[in-house]
Amino acid sequence: MSVATRNGPSPVDAPVAPPKVVRQRRVRPGLLGLAVLLIALGGLGSAFAVTSVRATGSYLAVARTVEVGSVVSASDLVSVQVAGGQGLDPVPAGRLADVVGMRAAVSLAPGTLLTMSQLTDKPLLGPGQQQIALGLRTAQVPAPKLRPGDEILLVSTPRDDNSSSNSSSGVTRFTATVTDAVSTDGRDEVVVYLALAVRDVPAVVALAAQDRIAVVLTKAA
């Protein structure tokens, strides 16, 4: 009978390290609640952002400069899309017909949203005033452009160089406020609309018919 033999030393088993015990970390209930709260707030913030973006409407914005007291026309405004708008009170684009024809209570700057507080439908005439229109040559207008609210002085001029009314004692003066000024097309003339005291209207009309009025700008609006 044959016996199989193996030369060399017998293998020795290496020692086996015992397995490590991983201790589970305890989660504090307070931290867990805080994490849940932060997740909930994040969800609410995302929902609010989506809602704000979706809350888009058409509103009226100013397309070009409108001076104080000027009548607002459709060409002065443009419809724009605005998202959100919290804290604002712009005029909806559907109310265009309501605001056309009103006057600007303040100067309207291009690129700004229009609000009803910027407009007025009240007449620019004060108590005891009437409105008249004066046709002036361009050279008689005391400023490149008269604007509503400008305060002016109307001064009577003499009939001719030989008149005894040349003395300053014969000069009459009237205060007035510009309500509007329009340049006529193709003519060297500007029509100026004035708010004038009722008692001064007859005298100013008579002087205007005789072309005996000089206009002085005393205070710009």
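Residues numbered from 1 in each chain as written. Predicted model: local features only at pLDDT ≥ 70, side-chain atom pairs only at ≥ 80, totals over all residues. Heavy atoms only, no water.

## Some thoughts on the overall build of the protein
Working step 1: Assigned secondary structure in the protein consists of three helices and nine strands.
Working step 2: Residues classed as buried in the protein amount to 26% of the 221 residues present.
Working step 3: Expressed as a percentage of contacts within the protein between residues at least 6 apart in sequence, the contacts between residues at least 24 apart total 66%.
Working step 4: With the model as given, the accessible surface of the protein reaches about 15400 Å², and the carbon-plus-sulfur share is 57%. (Helix = DSSP H or I, 4+ residues; strand = E, 2+ residues; numbered from the N terminus. Buried < 20%, exposed > 50% of the residue type's maximum accessible area, 1.4 Å probe, protein only. Contact = heavy atoms within 4.5 Å. Areas by Shrake-Rupley, 256 points an atom, 1.4 Å probe, with all protein chains shown as cover.)

## Some words on the nonpolar core
Working step 1: With 20 residues, the main nonpolar core has Ile132, Ile152, Leu154, Val192, Leu194, Leu196 and Val204 as its most contacted residues.
Working step 2: Among the elements of the structure, strand 5 (129-137), strand 6 (151-156), strand 7 (173-183), strand 8 (189-197), helix 3 (201-209) and strand 9 (213-219) are those that each provide at least two residues to this core.
Working step 3: Per-element accounting of this core gives the leading share, four residues, to strand 8.
Working step 4: With near-sequence residues (within four places) excluded, Leu196 lies in contact with Gly128, Gln129, Gln130, Ile132, Leu154, Phe174, Thr175, Ala176, Val201 and Val204.
Working step 5: Among the nonpolar cores identified, the runner-up in size contains 12 residues, and Leu77, Val91, Val99 and Leu114 belong to it. (Core = buried A, V, L, I, M, F, W, Y, C linked by side-chain atoms within 4.5 Å.)

## A closer look at the sheet that holds strand 9
Working step 1: Pairing is antiparallel in the open sheet, where five strands are placed in the order 5-8-7-6-9. The open sheet has two edge strands with one neighbour each: strand 5 and strand 9. Strand-to-strand twist across the sheet, computed as the mean angle between neighbouring axes with direction ignored, equals 40°.
Working step 2: Where strand 6 and strand 7 come together, five bridges link them in antiparallel fashion. Directly across from Leu153, in strand 7, lies its bridge partner Thr175. (Pairing = 2+ DSSP bridges. Axes fitted to C-alpha atoms, helices over the stretch in contact; angles between N-to-C directions.)

## Quick look at the pattern of salt bridges
Working step 1: Applying the stated criterion to the full structure yields five salt bridges.
Working step 2: The partner of Asp98 in a salt bridge is Arg95, with the nearest N and O atoms 3.3 Å apart.
Working step 3: In this structure Asp98 comes out as partly exposed when scored by relative accessible area, which is 46%.
Working step 4: Accessibility expressed as a relative area gives 34% for Arg95, which makes it partly exposed. (Salt bridge = Lys/Arg side-chain N within 4 Å of Asp/Glu carboxyl O.)

## Structural notes on the environment of Ser70
Working step 1: Here Ser70 is to be found in the loop between strand 1 (56-62) and strand 2 (77-83).
Working step 2: Ser70 gets classed as buried once you look at its relative accessible area, which sits at 17%.
Working step 3: Placed 109 residues apart in sequence, Ser70 and Thr179 show a C-alpha to C-alpha distance of 8.1 Å.
Working step 4: Non-local contacts of Ser70, meaning those with residues more than four positions away in its chain, are made with Met102, Arg103, Ala104 and Pro148.

## Regarding the confidence of the model for the protein
Working step 1: Within the protein, residue pLDDT values average 78, and 68% of them lie at 70 or more.
Working step 2: Mean pLDDT values for the elements of the protein range from 55 in helix 1 (residues 29-54) up to 94 in strand 6.
Working step 3: Counting interchain partners and residues more than four positions distant, the pLDDT-below-50 stretch residues 47-54 has four contacts. (pLDDT = per-residue confidence, 0-100.)

## Considering the side chain of Gln140
Working step 1: Positionally, Gln140 belongs in the loop between strand 5 and strand 6.
Working step 2: Excluding residues within four positions of it along the chain, Gln140 makes contact with Asp211, Ile213 and Val215.

## So, the pairing of strand 8
Working step 1: For strand 8, the tally of buried residues reaches seven of nine residues, placing the bulk of the element in the interior.
Working step 2: Bridge count for strand 5 against strand 8 is nine bridges, and the pairing is antiparallel. Bridging from a neighbouring strand, Arg137 pairs with Glu189 of strand 8.
Working step 3: In this sheet, strand 8 lies alongside strand 7 in antiparallel orientation, the contact comprising seven bridges. Within strand 8, the residue paired with Ala176 across the bridge is Leu196.

## A closer look at helix 3
Working step 1: Considered for burial, the residues of helix 3 that qualify are Val201, Val204 and Leu207. End-on, the buried residues of helix 3 take up no more than an arc of 135°, which puts them together on one face. Facing away from the buried side of helix 3 by over 90 degrees, the exposed positions are Pro202 and Ala209.
Working step 2: Residues of helix 3 that are buried in the fold lie against strand 5, strand 6, strand 7, strand 8 and strand 9.
Working step 3: At the C-terminal side of helix 3, Asp211 shows a positive phi close to 55°. (Arc of directions from axis to C-beta.)

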